[in-house]
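Survey of secondary and tertiary structure
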Amino acid sequence: MLKMALIGCGSIGRIIAGAVCQGEVRASLVMVLDRDKEAAGKVCELLEGRPAIAGGVEEILASDADMVVEAASVEAAKEVAVPVLESGKDLMLLSVGALADGAFYRRVLEAARDSGRKVYIPSGAIGGLDALKSAMVAQVEEVTLTTTKNPRGLAGAPYLEEQGIDAGAITEKRVVFEGSAAEAIKGFPANTNVAVALGVAGIGVERTRVRVVADPGATRNVHEIHVRGDFGQFTFRVENLPSPHNPKTSYLAGLSAVATLKRLTSPFQVGT
Ligand SMILES: NC(=O)c1ccc[n+]([C@@H]2O[C@H](COP(=O)([O-])OP(=O)(O)OC[C@H]3O[C@@H](n4cnc5c(N)ncnc54)[C@H](O)[C@@H]3O)[C@@H](O)[C@H]2O)c1
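What you see is a predicted model, and the numbers here were worked out from it, not measured in a lab.

A few points about the sheet that holds strand β5 (residues 90-93)
In space, the six strands of this open sheet follow the order β3-β2-β1-β4-β5-β6, with parallel pairing throughout. The open sheet terminates on both sides in strands that have one partner only, identified here as β3 (52-53) and β6 (119-120). Here four bridges tie strand β4 (residues 67-70) to β5, and the two strands are oriented parallel to one another. The partner of valine 68 across the bridge, within β5, is leucine 91.

Some words on the site of the ligand
In the vicinity of the ligand there are 22 residues, among which Ser11, Ile12, Asp34, Ser95 and Thr249 approach most closely. Take alanine 72: an N or O atom from its main chain is 3.5 Å from an oxygen atom of the ligand. In the complex, 82% of the free accessible area of the ligand, which totals 860 Å², lies under the protein chains. Put simply, the parts of the chain that give the shell around the ligand at least two residues each are α1 (11-21) and α10 (193-201).

Remarks on the pairing of strand β9 (residues 209-214)
Looking at chain direction, strand β7 (residues 140-149) and β9 are connected through six bridges and run parallel. Looking across to β9, one finds that lysine 149 is bridged to alanine 214. Two elements, strand β8 (residues 174-180) and β9, share six bridges in a ladder whose sense is antiparallel. Within β9, the residue paired with serine 180 across the bridge is arginine 209.

Some remarks on the packing of helix α4 (residues 74-86) against helix α5 (residues 102-115)
In the contact formed by α4 and α5, the axes pass within 8 Å of each other and the chain directions differ by 20°. Considered as vectors, α4 and α5 are oriented roughly parallel to each other. Here α4 and α5 pass one another in a crossing that is left-handed. Where α4 approaches α5, its residues Ala77, Lys78, Ala81, Val82 and Leu85 are matched on the opposing element by Phe104, Arg107, Val108, Ala111, Ala112 and Ser115. Residues belonging to the contact of α4 with α5 are distributed by class as follows: eight nonpolar, one polar and two charged.

As for the state of the cysteines
Counted under the stated rule, the structure contains zero disulfides. Cysteine 9 carries a free sulfur, and the closest cysteine sulfur to it, the one in cysteine 44, is 6.9 Å from it. Judged by its relative accessible area of 2%, cysteine 9 falls in the buried class. Between cysteine 21, a cysteine without a disulfide, and cysteine 44, which holds the nearest cysteine sulfur, the sulfur-to-sulfur distance is 12 Å. The exposure class assigned to cysteine 21 is partly exposed, which follows from its relative accessible area of 42%.

Cut-offs used in this document
Residues numbered from 1 in each chain as written. Predicted model: local features only at pLDDT ≥ 70, side-chain atom pairs only at ≥ 80, totals over all residues. Heavy atoms only, no water. Pairing = 2+ DSSP bridges. Helix = DSSP H or I, 4+ residues; strand = E, 2+ residues; numbered from the N terminus. Near = heavy atom within 4 Å. Polar contact = N/O pair within 3.5 Å; in protein donor to acceptor, adjacent residues only side chain to side chain. Areas by Shrake-Rupley, 256 points an atom, 1.4 Å probe, with all protein chains shown as cover. Axes fitted to C-alpha atoms, helices over the stretch in contact; angles between N-to-C directions. Parallel < 35°, antiparallel > 145°, perpendicular 65-115°, else oblique. Left-handed = near helix turned anticlockwise from the far one by under 90°. Contact = heavy atoms within 4.5 Å. Nonpolar A, V, L, I, M, F, W, Y, C, P; charged D, E, K, R; others polar. Disulfide = S-S within 2.5 Å. Buried < 20%, exposed > 50% of the residue type's maximum accessible area, 1.4 Å probe, protein only.

Right, here's the structure in full:
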């Protein structure tokens, strides 16, 4: 049975722990780490064979886990990714925005190659990565992501602050950002992880185009992806409901982590 360690016991971490507890994922959670000890304790309470609470990353690295699931933050992803792979464990990365940093991406790739371990990146709050991966076998000319959110969900984004845009004062639907996925994750780090996942699966974070739309009438986070290439073209649209424990995170993101774990532990694999 797969042995996992979990870094980050917030909304996604709790969904993963819940799936392990219900036997939906055939794996055991041996250790958890969160800088918020109460959050780590709450996740442990969900599980029968209570996992150990790590005091730091070193304990995770020294544990007998086969895989470390990062569901914490870009900062945590940057701290743990390479050491996890070098310690001989596989890695699942939810804070995929970390990979927009080209030098970091190359270090992770090298560590995975050298150690023979794998890095798993769930689809997160979007879909369509299966079709994009198939399309990439031939030429892909264009990948565009349009993310529409209520301005409340964009408040505090560094790009809006830089531009002097007050999210609370937006009363009509408007485009607030257009640029590459690499620029989007810098300007909207809490909202555009999906843009980086698209970039990594497709034509890269520099060539992947992103548009962020603030819509005061929006009640859901909508992501629309358009891909054009030798295969033809496709458009994928998802209207996400928020996670039960964190309104900023789409429920689908946590479910995608569980689905990836199910795929890893299932004898039957469907989809690219
Ligand atoms: N790939 C996607 O589509 C997608 C979608 C949503 C969220 N995310 C990302 O996944 C991550 C988790 O999301 P969430 O909704 O569960 O967040 P959350 O805020 O609900 O939980 C994160 C938890 O991690 C802990 N944490 C943060 N930094 C840490 C560190 N350096 N060391 C130890 N613990 C740390 C926090 O205390 C918190 O309990 C975030 O980075 C988020 O941006 C990705």
